[in-house]
Amino acid sequence: MVDTKLLTTPVSQLRQLLQERDISSVELTQAYLNQIDAVNGALNAVITICREQALEEARVADAQLAKGQAKPLTGIPILHKDIFCTHGVRTTCGSRMLDQFIPAYDATVVSKLKAEGVVVLGKCNMDEFAMGSSNETSYFGSVKNPWNLDCVPGGSSGGSAAALAAGMAPLVTGTDTGGSIRQPASLCGITGLKPTYGRVSRLGIIAFASSLDQAGPMARTAEDCALALTVMAGVDAGDSTSADMPVPDFHAALNTDIEGLRIGLPREYFNDDLDDAVRNRVMTGLGELEKAGATLVDIDLPHSHYAIATYYVIAPAEASANLARYDGVRFGHRCDKPKDLVDLYLRSRSEGFGEEVQRRILVGTYALSAGFYDAYFNKAQQVRRIIAQDFHRAFEDVDVIAGPSAPGVAFPFGAKQQDPVAMYMEDIYTLAVNLAGLPGLSTPAGLIDGMPVGLQLIGKPFDEQTILNMAHRLQLDTDWHMAHPNLEISAS
Ligand code: GLN
């Protein structure tokens, strides 16, 4: 029998059970490992399971808990997206290129959480090099959505989102370059937070697009995200783009009084293109916030419609530079018996990278080439600045900007795979937030025909607190975030 109650309990309550010794970390860890064993065959959400290591970490956590030396997350199990380097544990980034990669160090996020005493259960499947919105580009096969196994979980942190929704861990990590935390959170019915660019160190996170990538927590509740972000955040001497800003205790500072806060609704998001059912759920969520004292106002983000085109020049350009290191010599898969150096490069990269990654490298290299740099890359950088200015101007009048997290609910496998542009549209509501470097959060807003949909809250730079407060308030007033799929999942 699956202990659904335990496997869907938020971290905030699990830590009390641990601290009061009502449950041990070993018992908790074993319960999640059992659930991983039971459902991963059907979902394919986890690539690597760290069974022995997790139980050992849980024993250490129990000893700390017994001595009364526990920190807020001591003994809490976690799954990391397979983009975070983990010392001695295979880290694939969803790619054949890194199929055999065993890092010699931990990403800063991983080591910070480790120092807190969290228990690493394993590594989650993802779109290859975090490129995708459906988890269909992983070398390790696609991840199934636990709400409907015929549908995608979203991407690229789809393994993390599916694992959390299916009770395989109470806390998971993700990264978000254009929507990869918020969109899968929306499609799997969980809470996901992309922090402000620079809030969380990128050291040891395999780079996709360095000016956009940002790591964040995904959990059942905003409160849990606040607990995790407090540990994950902070300046890092090893990442010169990490921000030297004080990190508040986001959890201690949670404030449910949202009276008088102004929420901006961009006309460009709530236009005729918005699906009616999604609009209905999002507006119902916003209605709850209004009842709690917030004011809804219409705003303009006049350059929103350039976001996709801008992102799909900048992200591939940066990716093409970042992925140049995988040449079969210094890093990555090496082809068998190369004839010469050119053959080594060609075959190693053709064999190691999947189709979508190769497409991005081609687009990015083209946009950066001498003849086209000004026409594409430079132009995209200029438009990026204008998009960011739209947000900054809007924030002179409002505290938070709200919209959908994704254009619809989870879609069937194959539905958008043949049409890259249709797939790129999945991030229409999330991309601009990365271009502007802002924090964004997706919180569940109920179901459409049995499938979850998310409400997105966008904050001012480094003001994760206000969007966490607002989501927390919504989650106190509604129970959409506690909806979960049947946890008894078996392969069909
Ligand atoms: N879906 C977007 C892309 O494919 C965003 C991915 C991400 O945020 N990592 O680039």
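Residues numbered from 1 in each chain as written. Predicted model: local features only at pLDDT ≥ 70, side-chain atom pairs only at ≥ 80, totals over all residues. Heavy atoms only, no water.

1. Remarks on the side chain of Asp 236
Piece 1. Structurally, Asp 236 is set in the loop between helix 8 (222-232) and strand 7 (262-266).
Piece 2. Here Gly 238 takes part through its backbone nitrogen, which lies 2.9 Å from a polar atom of the side chain of Asp 236. (Helix = DSSP H or I, 4+ residues; strand = E, 2+ residues; numbered from the N terminus. Polar contact = N/O pair within 3.5 Å; in protein donor to acceptor, adjacent residues only side chain to side chain.)

2. Focus on the packing of aromatic side chains
Piece 1. Scanning all chains against the criterion turns up 12 aromatic pairs.
Piece 2. Residues Tyr 139 and Phe 140 carry aromatic rings whose centres are separated by 5.2 Å and whose planes lie at 75° to one another, so their mutual orientation is edge-to-face.
Piece 3. The interplanar angle of 70° and the centroid separation of 5.4 Å between the aromatic rings of Tyr 269 and Tyr 429 together place this pair among those described as edge-to-face. Pair noted here: Tyr 269 is in the loop between strand 7 and helix 9 (276-291) and Tyr 429 is in the loop between helix 14 (420-424) and helix 15 (431-435), with a separation of 160 residues, a long-range link. For the pair formed by Tyr 269 and Tyr 429, the shared burial category is buried.
Piece 4. Through pairs of rings, three or more aromatic residues link up here, namely Phe 129, Tyr 326, Phe 331 and Phe 353.
Piece 5. A cation sits over an aromatic face here: Lys 144 above Phe 413, 5.3 Å from the ring centre.
Piece 6. Note that Lys 416 overlies the ring of Phe 411, its terminal NZ or CZ placed 4.5 Å from the centroid. (Phe/Tyr/Trp six-rings, centres within 6.5 Å; stacked < 30°, edge-to-face > 60°. Buried < 20%, exposed > 50% of the residue type's maximum accessible area, 1.4 Å probe, protein only. Lys NZ or Arg CZ within 6 Å of the ring centre and 35° of its normal.)

3. Topic: unusual backbone geometry
Residues other than glycine predominantly adopt negative phi, and peptide bonds predominantly adopt the trans conformation.
Piece 1. Cis peptide bonds are those with omega within 30 degrees of zero, and the linkage from Gly 155 to Ser 156 qualifies with 5°.
Piece 2. For Ser 156, the position within the fold is in the loop between strand 3 (119-124) and helix 6 (158-165).
Piece 3. In the Ramachandran plot, Ala 130 falls in the positive-phi region, its phi being about 65° despite a non-glycine side chain.
Piece 4. When you line up the elements, Ala 130 lands in the loop between strand 3 and helix 6.
Piece 5. With a relative accessible area of 5%, Ala 130 lands in the buried category.

4. So, the pattern of salt bridges
Piece 1. Going through the model one piece at a time under the given rule, you end up with 21 salt bridges.
Piece 2. Here Arg 59 ties to Glu 56 by a salt bridge, and the two come within 3.3 Å at their closest N and O atoms. Of this pair, Arg 59 and Glu 56 both sit in helix 4 (residues 51-66), 3 residues apart, which is roughly one turn of the helix.
Piece 3. For Glu 56, a relative accessible area of 40% puts it in the partly exposed group.
Piece 4. The salt bridge involving Glu 351 is made with Arg 347; its shortest N-O contact spans 3.8 Å. A residue pair is termed a helical-turn pair when its members lie 3 or 4 positions apart in one helix, as Glu 351 and Arg 347 do in helix 11 (residues 341-352) at 4 residues.
Piece 5. What makes Glu 351 partly exposed here is its relative accessible area of 29%. (Salt bridge = Lys/Arg side-chain N within 4 Å of Asp/Glu carboxyl O.)

5. Things to note about the packing of helix 9 against helix 16 (residues 464-477)
Piece 1. Taken N-terminus to C-terminus, the directions of helix 9 and helix 16 make an angle of 95°; their axes are 10 Å apart at the nearest point. In terms of orientation, helix 9 and helix 16 fall into the roughly perpendicular class. Judged by residue contacts, Gly 285, Glu 288 and Leu 289 of helix 9 engage Met 470, Leu 474 and Asp 477 from helix 16. (Axes fitted to C-alpha atoms, helices over the stretch in contact; angles between N-to-C directions. Parallel < 35°, antiparallel > 145°, perpendicular 65-115°, else oblique. Contact = heavy atoms within 4.5 Å.)

6. Looking at the environment of Met 168
Piece 1. Tracing the chain through its elements places Met 168 in the loop between helix 6 and strand 4 (171-175).
Piece 2. Judged by relative accessible area, which is 0%, Met 168 ranks as buried.
Piece 3. With 96 residues separating them along the chain, Met 168 and Gly 264 place their C-alpha atoms 36 Å apart.
Piece 4. Setting aside its immediate chain neighbours within four residues, Met 168 contacts Tyr 32, Gln 35, Ile 36, Val 39, Asn 40, Leu 43, Ala 45, Val 46, Leu 79, Leu 121 and Ala 163.

7. Structural notes on helix 8
Because an α-helix packs 3.6 residues into every turn, residues spaced three or four apart end up facing the same way.
Piece 1. Here helix 8 lies mainly inside the structure; 9 of its 11 residues are buried.
Piece 2. Here helix 8 has its buried residues at Ala 222, Asp 224, Cys 225, Ala 226, Leu 227, Ala 228, Leu 229, Val 231 and Met 232.
Piece 3. Considering only its buried residues, helix 8 is in contact with helix 2 (11-19), helix 5 (108-115), strand 4, strand 5 (191-194), strand 6 (215-219) and helix 16.
Piece 4. Looking one or two residues past helix 8, Gly 234 carries a phi angle of roughly 130°, positive in sign.

8. As for the site of the ligand
Piece 1. The environment of the ligand is formed by 15 residues, the closest being Gly 178, Ser 180, Tyr 311, Arg 360 and Asp 427.
Piece 2. Separating an oxygen atom of the ligand from a backbone N or O atom of Gly 132 is a distance of 2.8 Å.
Piece 3. A distance of 3.5 Å separates a nitrogen atom of the ligand from a polar atom in the side chain of Ser 156.
Piece 4. Protein coverage of the free-state accessible area of the ligand, which is 300 Å², stands at 100%.
Piece 5. When atoms are counted within 2 Å of each cavity's grid points, the one that captures over half of the ligand is the largest cavity.
Piece 6. Partitioned by chemical class, the residues of the shell around the ligand number 5 nonpolar, 7 polar and 3 charged. (Near = heavy atom within 4 Å. Areas by Shrake-Rupley, 256 points an atom, 1.4 Å probe, with all protein chains shown as cover. 1 Å grid on protein atoms, 1.4 Å probe; cavity = no way out; pocket = protein on both sides within 12 Å on 5 of 7 lines; lining within 4 Å. Sits in = over half its atoms within 2 Å of the grid points. Nonpolar A, V, L, I, M, F, W, Y, C, P; charged D, E, K, R; others polar.)

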